[in-house]
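# Examining the three-dimensional arrangement
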Amino acid sequence: MNSLATSLCAYLGSRNNDIMGYWGIGMLCAVSKRENKPKFSFKIYPGHLLRIYGCELTDSRIVTDKLVELGLDSIEGRLSFFEDGRYPHGAEKYTCGIAIAITQGGRTGLSLSHVECWPHDPTRELRRAAAEAVDASWIARLKSLLK
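Note that this is a predicted model, so its numbers are computed, not measured. (Residues numbered from 1 in each chain as written. Predicted model: local features only at pLDDT ≥ 70, side-chain atom pairs only at ≥ 80, totals over all residues. Heavy atoms only, no water.)

### A look at the sheet that holds strand S8 (residues 107-117)
As a reminder, the rule being used: Two strands qualify as a pair provided DSSP detects at least 2 bridges between them. Secondary structure follows DSSP: runs of H or I at least 4 residues long count as helices, runs of E at least 2 residues long count as strands, and numbering of each begins at the N terminus. In this description, a line fitted to the C-alpha atoms serves as the axis of each element, helices being fitted only across the stretch in contact, and the angle between N-to-C directions of two axes falls anywhere from 0 to 180 degrees. The criterion used for residue contact is that any of the two residues' heavy atoms lie within 4.5 Å.
Spatial ordering of the open sheet is given by S3-S6-S7-S8, a layout of four strands whose pairing is antiparallel. For this open sheet the edge positions go to strand S3 (39-43) and S8, each flanked by a neighbour on one side alone. Strand-to-strand, the axes of this sheet are offset by a mean angle of 15°, without reference to chain direction. In terms of strand pairing, S3 meets strand S6 (residues 74-86) through five bridges, oriented antiparallel. Residue Phe42 lies in a different strand from S6, and its bridge partner there is Gly77. With respect to the sheet, helix H2 (residues 24-34) is in contact with S3, S6, strand S7 (92-104) and S8, its orientation differing from that of S6 by roughly 70°.

Here you go:
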């Protein structure tokens with residue numbers, strides 16, 4: 001039971017899950033910051049999409065479908081976001097605590113983990129696109145000069 005709880009914690013903290021194409025923890029960190037809500041409690045239902053505070057983790061059925069055959073009584077979790085300073089490049093730094101509890105026939109499995117994160121910032125995409133456009137124009141100009 002503890003191993004299963006640990007696996008679910010690792011899945012949630014991993015970059016192998018996303019919300020709308022972006023790192024799930026980063027998206028939830030942004031919601032936490034925007035709504036001044038440092039904790040999210042949630043339940044995981046075997047065979048169903050995983051939703052945390054209305055945010056759907058893309059392709060989470062791949063994980064939850066595997067839980068159906070285990071006959072679990074309940075899977076509950078909590079994410080907690082704490083401000084933790086800044087990264088050297090100036091971005092905000094948070095720590096996300098992840099807790100999972102699983103019950104089955106009177107047995108309980110628990111796991112706690114944490115991951116450093118930063119809130120998703122949609123303006124970074126605009127800055128990256130602008131930088132890529134500048135790079136592309138410089139490359140085109142250099143190619144024309146080298147001909």
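### Points about the packing of aromatic side chains
The test is simple: Pairs were defined over the aromatic rings of Phe, Tyr and Trp, the Trp ring being its six-membered one, requiring ring centres within 6.5 Å. Orientation was assigned from the angle between planes: stacked under 30 degrees, edge-to-face over 60, tilted for the rest. A simple rule labels every residue: compare its accessible area, found with a 1.4 Å probe on the protein chains alone, to the largest value its type can have, and call it buried under 20%, exposed over 50%, or partly exposed in between. The rule is short: NZ of Lys or CZ of Arg within 6 Å of the ring centre and within 35 degrees of the ring normal puts a charge over the ring.
Applying the stated rule across the entire model yields four aromatic pairs. With centroids separated by 4.8 Å and ring planes inclined at 40°, the aromatic side chains of Phe40 and Tyr53 adopt a geometry described as tilted. Remark: Tyr53 occurs in the loop between strand S4 (51-52) and strand S5 (55-56) and Phe40 occurs in strand S3; sequence separation between them is 13 residues. With a relative accessible area of 39%, Tyr53 lands in the partly exposed category. Ring geometry for Phe40 versus Phe81: centroids 6.1 Å apart, planes at 75°, classification edge-to-face. Within this pair, whereas Phe40 is found in strand S3, its partner Phe81 is found in strand S6, the two being separated by 41 residues in sequence. Phe81 shares its class with Phe40; the two are buried. Aromatic ring contacts, followed pair by pair, group Trp23, Tyr87 and Trp118 into a single cluster. Residue placement shows Arg15 over the ring face of Trp23; its charged tip is 4.0 Å from the ring centre.

### So, H2
Of all eleven residues in H2, nine are buried; the element is thus mostly enclosed. Taken together, the buried positions of H2 are Gly24, Ile25, Gly26, Met27, Leu28, Cys29, Ala30, Val31 and Ser32. Asn36, located one to two residues past H2, shows a positive phi value of around 50°.

### Digging into the pairing of S7
Direction of pairing for S6 relative to S7: antiparallel, over a ladder of eleven bridges. Its bridge partner being in S7, Arg78 is matched across the sheet by Ala99. The hairpin turn running from S6 into S7, its antiparallel successor, is five residues long, and Gly90 in that turn takes a positive phi close to 100°. Of the pairings in the sheet, the one linking S7 to S8 comprises eleven bridges and is antiparallel in character. Among the inter-strand pairings, Tyr94 is bridged to a residue of S8, identified as Cys117. In this antiparallel pair of consecutive strands, S7 and S8, the connection spans two residues, and Gly105 shows a positive phi of 50°.

### Digging into unusual backbone geometry
Phi angles above zero are rare outside glycine, and Tyr53 is one such case at about 50°. The phi dihedral of Asp59 falls on the positive side, at around 60°, and the residue is not glycine. Counting through the fold element by element, Asp59 comes out in the loop between S5 and helix H3 (61-64). According to the relative accessible area criterion, Asp59 is exposed, its value standing at 53%.

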